[in-house]
Every structure is written in structure tokens, then in C-alpha cells.
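# Reading the structure
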Amino acid sequence: MPIYILKRILGALPTLLIVSVLVFLLQKLLPGDPVLALAGEERDPATLALLREQYHLNDPLVTQYFRWLGGVLTGDFGISLRTNQPVLELIGQKLPVTLQLAAMSMIFAMLIGIPAGIIAAVKKNTLLDWIANIVALSGLSIPNFWLGIMLILLVSVNLGWLPASGYESPLVDFWLSIKTMLMPAFVLGTGLAATLMRHTRSAMLGVMSADYIRTARAKGLSTSEVVLTHSFRNALLPIITLSALLFGELLAGAVLTEQIFTIPGFGKLIVDAVFNRDYAVVQGVVLCTAVGFLLMNLIADVLSVIMNPRMRSAL
Amino acid sequence: MAPVLSVRNLTTAFKTDDGWKSVVRDVSFDVNAGETVAIVGESGSGKSVTSLSILGLLDPKRSRVTGDIDLDGRNLLTLSETDMRKIRGNDIAMIFQEPMTSLNPVFTVGRQIGEVLIRHEGMSRAAARQETLRLMERVRIPNAQTRIDEYPHQFSGGMRQRVMIAMALASRPKLLIADEPTTALDVTIQGQILDLIKELQAEQGMAVLFITHDMGVVAEIADRTVVMFRGDCVETGATSQIFAAPRHPYTRALLAAVPRLGSMTGQDWPLRFPKVDMETGAVTPQPAVVGSVAQGGSPVLSVKGLVTRFDVGSDLLGRPTGAVHAVENVSFDLFHGETLSLVGESGCGKSTTGRSVLRLVEPREGDITLDGYDVRHLAPADLQRMRRSGQMIFQDPFSSLNPRMTVGQTVAEPIVKHGLARGGAARARVAELLDQVGLPAAMMDRYPHEFSGGQRQRIAIARVLGLNPKVIVADESVSALDVSIKAQVCNLLMDLQERLKIAYLFISHDMAVVERVSHRIAVMYLGEIVEIGPREAIFGNPQHPYTQKLIAAVPVPDPARRGLRRAASVDELKSPVRPRDYVPAVREWAEVGPGHRVMVA
């Protein structure tokens, strides 16, 4: 197993390198001059030239790339052109927020999606299945921003149960932090729950027609043993992979949801950075997201190997 | 003494778009303690549905079971699902056909056997583990102590079926239902599993209901036999009586259609199967295929030193850790109008050999000459042309035809692709080809799902014939078909051979069919040919121990000769996976007779 993980990490390195090149080039290809954005009203050529010199913007592209990569490898992602804060520090502030939102959304999604999928599969073509499917379809088609606004109106404005917006670190006030995050996590989670439910349902249906499920029934096992032990344990394999990938997507931040609930997460950070042509921040965030995504992929693969005896013994 | 199981007027219907359709009608039979009753019939006869009805495993929403199914005097059809669960796996246990898919891949075999003991015997985990170990040893799984914690994929097919048997016998059932338990297994393994079931039956005194399509297996194992035909029970009686004096025409037809090993002694040429009328039981012998092989010509296919290996595993640098030595130094010739059969058990490399000679898999070494083409060194365009000379028919008639193409499109595709005809001419050619394989040309616009297995295999043959191939590799092409259909398709292949002088590389594990259709036979074991020679020499005077074992293991459809060759050995097929630095042994051969060669070391 350690060798497998090592192999997978080594295998991810070239991907990361390609991502770093793309991230670096992408911002060079974007229209607009960062120096102009930085200089503001100032249009004096001498000042602009000085700024260019200061940020090494006159060097050949390759030199710029390796200087940037060298910095990244030593933890120096550069300085935000806008706020003059180190990019790493900015990421350090926003990452826990996004992680908490992603984790809570995922918990919601799994708590709703997986049981609903199992029920829909077991009660295939009955009223319950139809209801689960309609709810799932609604979850997929209702826009997050609309659901978010409606929830704020209902839960916060009318009922006053939960705070409408903002963020509190769980280290400062744990329960307040959970309460503020509850609604946005629910809004994000419902969409994912629908995806999870559909996949759980089809995975369960596939497994439940397998020969070994017939064997389990022929052994006289109870329905719960047949469904939850023999079937679900097999259906879990694709669900794990899907969940990890969905989580990876959440790490990129949820721009709309963060805007509605004014959560200072990755989504807001990257939108602001793009509007301000704050290249260093864009690079840092995109790279960070890419690493997160690769990491989730790795975790998904390792988990499937752990869960699947056939893959385990193929190592 | 009252029977353990008494089935009276069992009728099972399934819900279809056109209302309820009965697939089993009015079936009645008894099974006594210590007795084996076989239900025999072809696909669609309702034999498996009967067994699933007894166990109550059919979907209650889409099926309706009526009649009486009495187990020790209790009518199972009146029991609730909760009560049925106490019967399943406890009073009635079942073994299924597919050993590869019938065990849950994510749990250890020990856990899956133990589950029955915990559920029905109320054992603790520790006690269940002890008993599981004992059961695994009882069904002769070697190294049960370590294998108890292994997963199904680590077991061979035969060993998995032993696990299934251990699981079925865990709670000492009164009745064991075995649904084609040996059909997916190789003959040598099949014999061992049949022996094991008989031995355990004698020990526990249980009743066995054995479901099979194989008359050889019936003769081998059953005391009494129930013959089913399209949902009806047509004949019931003592097995010896059914074989000696079948009363119903269908039983007579079924017995006549069974290929019997040894029926070819004294025959010089491949012999067509007799025509059997399934309604009347009338048997009309058919002529032999005389003189299809050109005398003194050069071979149409010549294979020398063929080696095909598949890499397995990968180390830290991505290098393979070993290889499956699927085909190892195989050489043979095939002449115009000749049938050379490759026989052997799963994993012996017979299919890979067939694919290698057409370069459907890439061989590592060797020379292949097919109709003048140097197969291994062809440019892509020449490879395409070569495929006109060498074609292949596959095993599964259900998955080898594209469901979204009409039969006409399927048969026309190779003709058009190779530029032999187009438009109206192609259509005319398709009609002609369908006619050659005995299908009306009007069927051209239908889709494959509208055809039966035998018809689909005819379509696959028509598709291949369109290119006028000189060599056809037939990979288990009749194995999935019912006996009567199998005989028809074999006869069709022999007709085409006589008329068109086609050479067949006939790959099969079915020794009785092989004996019927072959001019020569090559026996393969672990990737190598161990014996090759004329058909009468291989069957009449087998020299290699493996050939002898293979022939001896074929069940004989004759209850009088039952149990003549009992040996309680536990063999597994050996693995052809070798480490990277493996050097294949240098083999020595001996010439036994004209064209009959055997590996001696």
C-alpha cells in the first residue's frame, strides 16, 4: 500500500507541473496590463517602467516562470498587487472557510443523497422512488442563488432562527460558526445530494441484480442484511469516487453561494483577484485548487483500493 | 416414507406487456430423502424458474406461482416472506451456475459461509469460524486455514463452487437445489464437483434436486429424472428407464441429439449429426463429409513457434513483474477443407492461439502464414486484405452482433468495407448469404433481438462467409447453444466445408462435438500443444496423460456406466503466469503414428 501511494504521488507530479505552466501562462495571455491596474491614475511612463522592473515583468517568460516556480516551491506565492499581503497569507485566511463550507456541504449531500438513493433503488418504480426522483430533479434544477435567497427570507428574516450571512471561525465560537454555515452548506449540499442520489440509485440497482445478491437471498438473509450489507458495500465503490470528485469541485469555492451569504472564501477571493488583475493571487488560488483536486483524486483511489479486495490484491 | 419435497401442479407465470404468460405449467414431482432428482431440458424449458419458484426467489410483483410446494408437509406457497427466510439456506439450500459471480466480491469466503451459521444456527462469530473451517476442509479446499480469510477472486472456478457447496451445506439442509452447478466448469473439475455432491449427499442423507441441460450429467448423478419442454413436464421416471426406453418423443429427440463420445469409432470422415425432429422424436442419419480435404496440397494456414504473452503487474518503474504465457511455442498446419480442433480447459491458450493467428492479439514470436500472407509482418492495408482469407466466429451469439444494426446491415458491412459490392448488389449478396445459412432473406430488415441463439449464430456465420474466407476460426462457436441447435449449426459448418472447402480452426472444450466434426485434433495444456494427430488416433489411442484425463472426464450419457471412473482428487488448473525471468522449457516430441505426435518431455 505505501508503495502504491508513493507511485500515485509520483504519477501526480507531472500533472502538477503542467498545471503550473498553464496557470503561469494563462495570466500572461489575459488581456490587460497589471502595471496599469497597479498604477491607478498614474500614467507616467517612468513610473510604469519602474514598476515593471520591480515586478520582473521585463524578463523572458521562461525566467519569469522558473522564478515564480522556485518561489512557489519555497512557499513564496508572491505578493498581492492589490493588498500588498503575501498570497500565501491570503490563502491561509480563506482556505479554512472554504474547507469548512465544503465539508459541511458534503455531509449534507451524503446524508440526504445516499439514503435517498438506496430507498429509491429498493422501492424501484413505486411512489417513494418517484418522490425521490422528483426531489432530486428539483435539487438539480433549482438555482443555488434562488434557494439561498428564499432560505434567508424564510429562516433568517421571518423566523429569525439562523444568521443571514457572515462567517465566524469555529475556533472562536464553534456553535455560532456551525449555525452561520448551516444554510449555505445546505444550499450547496442539495445540488450535490441530487447527483449522489442518482448515482447511488443506479449503482444499487446494478448491484441488486447481481448473482451474489441472489445467493445472499437464497441463504435466507434478512432484507436489511441483503440491502445494507451485501448490496450497499458493493455500490459504495463508485459512490466514494464520485464523492471525492464532488468535494474537489467544492474546494474551488462556490462563487454564487459565497456572494449571497457573504462568506469570505475561495470563490470570492478568486473573483476579486480576476477583476483586479491580481495575478499572483489568481495563480496561487488556482494552483491551490488544482492540488486540492489531485489530492481528492488520490484519496478516492486509495479508498477504492482499500474497499475493493480485488484491487488490493492486484497491488 | 413421505417425500421431502412434493411439488404438485406448479404453474409459474410472468407479467409481460401482453398480460400474464405462464413459463411453467402444471409440473408435479417428488424428491425423497437421500434421492437425486434431475430436471433436464433446454433453455426456455422452465427448469430454472421451477427451482426459483420452490425457493420463492422470484419477484412477487412480476411473477405468480400457484399449485402446491410441500416441504415436509408444509406448503411453502402459503408461508410469509419472514417464514420463507427461515427455510432458505436452512431447510433448502441452493447452488447456482455461475461460480464466478455467485459470491460477493467484497467479503471473505469465510465470512460468507459463516453468515449462514450465524443466521440459522445462532452461532457466535468464533464458533461459526471454527465450523466454517471444518466445512471448508470437508469440501476439500486445500489450506482452508489460510484460505478462509481470502476473497472470492483469489479462488478458481472449481474452488468457488466448493465454497458455494460448503455454504449450502452449512446448516445441513433437507433439500439441496443445484442449478447447473457444473455447467461453467471444465470437464475434469466437473467430475470432482459431482463426486463431492454425491459423497456429501450420502453422508447427510439429504435430497438433491439437480437442474441441468446435460444428459451426460443426468446419467451420472440422477436416480430419477424429470424432462421439461417449453414449460411442461413431458416425462418423469427412473433415470435408467428414461435412458433405456424413453416414452415421450421429445425425450427420445433429446437423447438422440446428445453428442456421444466414442460414437465415431470406425468412421473415416467427420459425420453430420442426425436430423432429429423435436416434436416426433424421429431420427434421420445424415451423410459424412467425405473428401473435403485436398490431397497433397500445401497448408492454407501454417503456424511455427507461435508465442503470445500478456504482461501482468507493474513495479515502481512501471515494468511488468511477470507475464501470462498464454501461447508457448505452438506449431501446426491446417489444410484446405480441413477441420483442426484445438481442445483443452480454460486458460490453456486455445482462444489466444485462434486470435493470434488472425492477429487479433499481437503474438510475440513465431511465423504465421495464412493463404500466402506473412501474417506477423503485414502493413495495415495488407492486414485488412488478409482478413478476407481468415475470419472468426465467436462464442456468444447474443453479444457478438450489434443490437442497433439490422441483420442485413450486419452481414453487408464486411462486404461493403472490403469493396466487394455495394448498394443493390450488396443486398442481393446478403440475401444469398442468408439463404446459404438457412435463413429467409426476408429477415434482412430485422434486428438481432428478434432471433434465437441458434439463428444469431447463423447470422454470424453469414457475416463471415461474405468475404469468402479460406480459414474460419470458430471459437467455442456452438458451446452456448442447446443440443438440438448445436447439432444444426455444426451440420451447417460441415455443409459449408464440403461445398466451399473452408478450413476450420475449431476451438472447443466439448470433446463429443470435437470428435464429430474434426479431421485432426490438437490438445493444449498451459499454452502448449501436448499432443496432435488425426481424430481417430487422439480418441482411440491417446498418448499424453493429459489427453487421457481429458477424455476420461467427459460424462457418458449412459446410467449403466455411471461411476466407472471415480477418483477423489482435488486438482486445480495450473496458472500460466510466470515471473519475468522465466525461461520456457525445451520440449521433446515423439512420433506415435502417421501425423500423431506427442510431447514426451
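Let me begin by describing the structure that accompanies this report. (Residues numbered from 1 in each chain as written. Chains lettered and ligands numbered in written order. Predicted model: local features only at pLDDT ≥ 70, side-chain atom pairs only at ≥ 80, totals over all residues. Heavy atoms only, no water.)

## Notes on the side chain of Asn 75 of chain B
Residue and element names in this part refer to chain B. When you line up the elements, Asn 75 lands in strand β5 (residues 74-75). The buried category is assigned to Asn 75, whose relative accessible area is 16%. At a separation of 3.0 Å, a polar atom in the side chain of Asn 75 contacts the main-chain amide nitrogen of Leu 77. The residues contacting Asn 75, other than those within four sequence positions of it, are Gly 67, Asp 68, Ile 69 and Asp 70. (Helix = DSSP H or I, 4+ residues; strand = E, 2+ residues; numbered from the N terminus. Buried < 20%, exposed > 50% of the residue type's maximum accessible area, 1.4 Å probe, protein only. Polar contact = N/O pair within 3.5 Å; in protein donor to acceptor, adjacent residues only side chain to side chain. Contact = heavy atoms within 4.5 Å.)

## With respect to the sheet that holds strand β24 (residues 589-593) of chain B
Residue and element names in this part refer to chain B. With respect to topology, eight strands assemble into an open sheet ordered β18-β19-β20-β15-β21-β22-β25-β24, the strand pairing being mixed. Each edge of the open sheet is held by one strand with a lone partner, namely β18 (390-393) and β24. The average angle at which neighbouring strand axes cross in this sheet is 20°, direction not considered. Relative to strand β22 (residues 528-534), strand β21 (residues 520-525) runs antiparallel, the two being bridged by six bridges. (Pairing = 2+ DSSP bridges. Axes fitted to C-alpha atoms, helices over the stretch in contact; angles between N-to-C directions.)

## Thoughts on the packing of aromatic side chains
By convention here, two paired aromatic rings are described through the distance between centres and the angle between planes. Under the defined criterion, the tally for this structure stands at eight aromatic pairs over all chains. Clustering of aromatic rings is evident, with ring pairs tying together Phe 24, Tyr 65, Phe 66 and Trp 68 of chain A. Across from the ring centre of Phe 273 of chain B, 4.9 Å away, lies the NZ or CZ of Arg 516 of chain B, which sits over that ring. (Phe/Tyr/Trp six-rings, centres within 6.5 Å; stacked < 30°, edge-to-face > 60°. Lys NZ or Arg CZ within 6 Å of the ring centre and 35° of its normal.)

## Let's talk about the packing of helix α10 (residues 223-251) of chain A against helix α13 (residues 279-307) of chain A
All names here are of chain A. Two elements in contact, α10 and α13, have axes separated by 8 Å at closest approach and are oriented at 170°. By the angle class used here, α10 and α13 are roughly antiparallel. For the pair α10 and α13, contact is made by Arg 233, Leu 236, Leu 237, Ile 240, Thr 241, Ala 244, Leu 245, Phe 247, Gly 248, Glu 249 and Leu 251 and by Thr 289, Gly 292, Phe 293, Met 296, Asn 297, Ala 300, Leu 303, Ser 304 and Met 307, respectively. Its residues assigned to classes, the contact of α10 with α13 comprises 12 nonpolar, six polar and two charged. (Parallel < 35°, antiparallel > 145°, perpendicular 65-115°, else oblique. Nonpolar A, V, L, I, M, F, W, Y, C, P; charged D, E, K, R; others polar.)

## Considerations on helix α6 (residues 127-141) of chain A
Given 3.6 residues per helical turn, the α-helix brings residues three or four places apart onto the same face. All names here are of chain A. The end-to-end C-alpha distance of α6, which contains 15 residues, comes to 21 Å, matching closely the 21 Å that a straight helix rising 1.5 Å per residue would cover. Inspection of α6 places Asp 129, Ala 132, Asn 133, Ala 136 and Gly 139 among the buried residues, and these make up the whole buried set. Projected down its long axis, α6 shows its buried positions confined to an angular sector of 120°, all on one face. Seen from the buried face of α6, the exposed residues on the opposite side, beyond 90 degrees, are Leu 127, Trp 130, Ile 134, Val 135, Leu 137 and Ser 141. Looking at the buried residues of α6, the elements they touch are α5 (87-122) and α8 (174-208). (Expected span 1.5 Å × (residues − 1). Arc of directions from axis to C-beta.)

## A look at the pattern of salt bridges
All names here are of chain B. Summed over the entire model, instances satisfying the criterion amount to 36 salt bridges over all chains. A salt bridge links Asp 72 to Lys 174; the nearest nitrogen and oxygen atoms lie 3.2 Å apart. Remark: Lys 174 occurs in the loop between α6 (157-169) and β7 (175-179) and Asp 72 occurs in the loop between β4 (63-71) and β5; sequence separation between them is 102 residues. You can call Asp 72 partly exposed: its relative accessible area is 45%. Of the charged contacts in the structure, one is a salt bridge between Asp 149 and Arg 129, with a shortest N-O distance of 3.1 Å. (Salt bridge = Lys/Arg side-chain N within 4 Å of Asp/Glu carboxyl O.)

## Brief notes about the pairing of strand β25 (residues 596-599) of chain B
If a strand is regular, its side chains alternate between the two faces of the sheet. All names here are of chain B. Sheet topology places β22 next to β25; two bridges connect them, and they run antiparallel. What sits directly across from Ile 532, in β25, is Arg 597. Count of turn residues in the β24/β25 antiparallel hairpin: two residues, of which Gly 595 carries a positive phi of about 70°.

## Topic: the interface of chain B and chain A
With 32 residues of chain B at the contact, the number on the chain A side is 23 residues. The junction of chain B with chain A conceals about 2,500 Å² of combined surface from both sides, 56% of it contributed by carbon and sulfur atoms. Where chain B packs against chain A, one counts one salt bridge. As a salt-bridge pair, Glu 115 of chain B and Lys 219 of chain A come within 2.8 Å of each other at their nearest N and O atoms. The interface formed by chain B and chain A holds 13 residue pairs in polar contact (both at pLDDT 80 or more) in total. Among the elements that line the side of chain B that touches chain A, the one with the most residues is helix α3 (residues 109-120) of chain B, at six residues. Considering only residue class, the side of chain B that touches chain A consists of 15 nonpolar, 10 polar and seven charged. (Buried area = accessible area lost by both parts, 1.4 Å probe.)

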